[in-house]
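Single-letter residue listing:
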Amino acid sequence: MNDRNDGRDERDERDERDEYEEREEHGERDGELYDGLLEEELRQAAAILDPVPAELRRIAVDAFALRDLDVRVAELTFDSLVDAIPVRGETDPPRMLTFESDGVTVDVEVTADGLIGQLLPPGPAGIEVLSGPRAHARLTADDMGRFTGAAPPAGPFALRLRTGREVVVTEWLRA
């Protein structure tokens, strides 16, 4: 009986050794792939067996939004829904928004076709259309400060502007 177990143990050791040598032959990249697959399986198991409570997820998303602590907030100074005089005959006018913050002005027109905007003073910038935990649309302002986005924001949104020297975030609004 012991002879059988000894044979089984030797085979197991030989299999483990072969597997290790095979991983070594394929190099580190396969090890990283294996680790990545294992990590993904563990994530899926944790999501099923011990899901993150919705309130904790919301708090984490809010905390992540604070990663730019030195960001300047651009306040809404004009909203055509509140400040403009309605135009007779216009059924679905675009929403005009103006945000200002210490020498930076952002003019945005929100239409059914998307966003059109301009930064003042003019200059290139990276722009993110923030919309909660969803993926952010990334736009680019040209040298004249002009930018466009193909899809209008759905629900609450804000803009994060990254110029070469500063980061500005607009107030959150409903589209």
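For the structure, see preceding data.
The sections below set out a description of the structure shown in this document.

Criteria and cut-off values
- Residues numbered from 1 in each chain as written.
- Predicted model: local features only at pLDDT ≥ 70, side-chain atom pairs only at ≥ 80, totals over all residues.
- Heavy atoms only, no water.
- Helix = DSSP H or I, 4+ residues; strand = E, 2+ residues; numbered from the N terminus.
- Buried < 20%, exposed > 50% of the residue type's maximum accessible area, 1.4 Å probe, protein only.
- Contact = heavy atoms within 4.5 Å.
- Pairing = 2+ DSSP bridges.
- Core = buried A, V, L, I, M, F, W, Y, C linked by side-chain atoms within 4.5 Å.
- Salt bridge = Lys/Arg side-chain N within 4 Å of Asp/Glu carboxyl O.
- Polar contact = N/O pair within 3.5 Å; in protein donor to acceptor, adjacent residues only side chain to side chain.

## Topic: the overall build of the chain
- Along its length, the chain carries four helices and ten strands.
- In sequence order, the secondary structure elements of the chain are arranged as α-α-α-β-α-β-β-β-β-β-β-β-β-β.
- Scored against the burial criterion, the 175 residues of the chain give a buried share of 24%.
- Residue pairs in contact within the chain that sit at least 24 positions apart in sequence constitute 47% of those at least 6 positions apart.

## Side note on the pairing of strand β2 (residues 95-101)
- With respect to burial, β2 is a largely interior element, five of its seven residues being buried.
- Judged from the four bridges that link them, strand β1 (residues 72-79) and β2 form a sheet pairing that is antiparallel. The residue of β2 that forms the bridge with Leu-76 is Phe-99.
- Note: β2 against strand β3 (residues 104-111), seven bridges, orientation antiparallel. Bridging across to β3, Glu-100 finds its partner in Thr-105.
- Taking the residues between adjacent antiparallel strands as the criterion, β2 and β3 are bridged by two residues, where Asp-102 takes a positive phi near 40°.

## Re the nonpolar core
- Counting residues in hydrophobic clusters, the biggest one holds 20 residues, and the most contacted among them are Val-106, Val-108, Phe-147 and Leu-159.
- For this core, the secondary structure elements donating two or more residues are β2, β3, β4 (114-120), β5 (125-130), β6 (137-141) and β8 (156-162).
- With four residues, the single largest contributor to this core is β3.
- Once you skip the residues sitting within four places of it in the chain, Val-106 turns out to touch Leu-97, Thr-98, Phe-99, Gln-118, Leu-119, Phe-147, Leu-159 and Leu-161.

## Brief notes about the pattern of salt bridges
- Inspection of the entire model under this criterion finds eight salt bridges.
- The shortest N-O distance in the salt bridge between Glu-128 and Arg-160 comes to 3.3 Å. One end of the pair, Glu-128, is in strand β5; the other, Arg-160, is in strand β8, with 32 residues separating them in the sequence.
- For Glu-128, a relative accessible area of 7% puts it in the buried group.
- The class of Arg-160 is buried, set by a relative accessible area of 5%.
- One connected set of salt bridges, linked through shared partners, spans Glu-128, Arg-138, Arg-160 and Arg-162.

## Quick notes on unusual backbone geometry
- Going from Leu-120 to Pro-121, the amide bond is cis rather than trans, its omega being 0°.
- Here Asp-102, not a glycine, exhibits a phi torsion of approximately 40°, which is positive.
- The topology assignment puts Asp-102 in the loop between β2 and β3.

## Re the side chain of Thr-98
- In this structure, Thr-98 sits in strand β2.
- A residue is classified by how much of its surface remains accessible, and Thr-98, at 13% relative accessible area, is buried.
- A polar atom in the side chain of Thr-98 sits 2.8 Å from the side chain of Asp-107.
- Residues contacting Thr-98, with those up to four places away along its chain left out, are Glu-75, Leu-76, Thr-77, Phe-78, Thr-105, Val-106 and Asp-107.

## Structural notes on the environment of Leu-81
- You can see Leu-81 is positioned in helix α4 (residues 80-83).
- Spatially, the C-alpha atom of Leu-81 lies 9.5 Å from that of Pro-93, the residues being twelve residues apart in sequence.

## Let's talk about the environment of Gly-155
- Here Gly-155 shows up in the loop between β7 (146-149) and β8.
- Given the relative accessible area of 25%, Gly-155 is considered partly exposed.
- Residues Gly-155 and Ala-175, 20 residues apart in the sequence, show an inter-C-alpha distance of 5.6 Å.
- Sequence-distant contacts of Gly-155, defined by excluding residues within four places in its chain, comprise Leu-173, Arg-174 and Ala-175.

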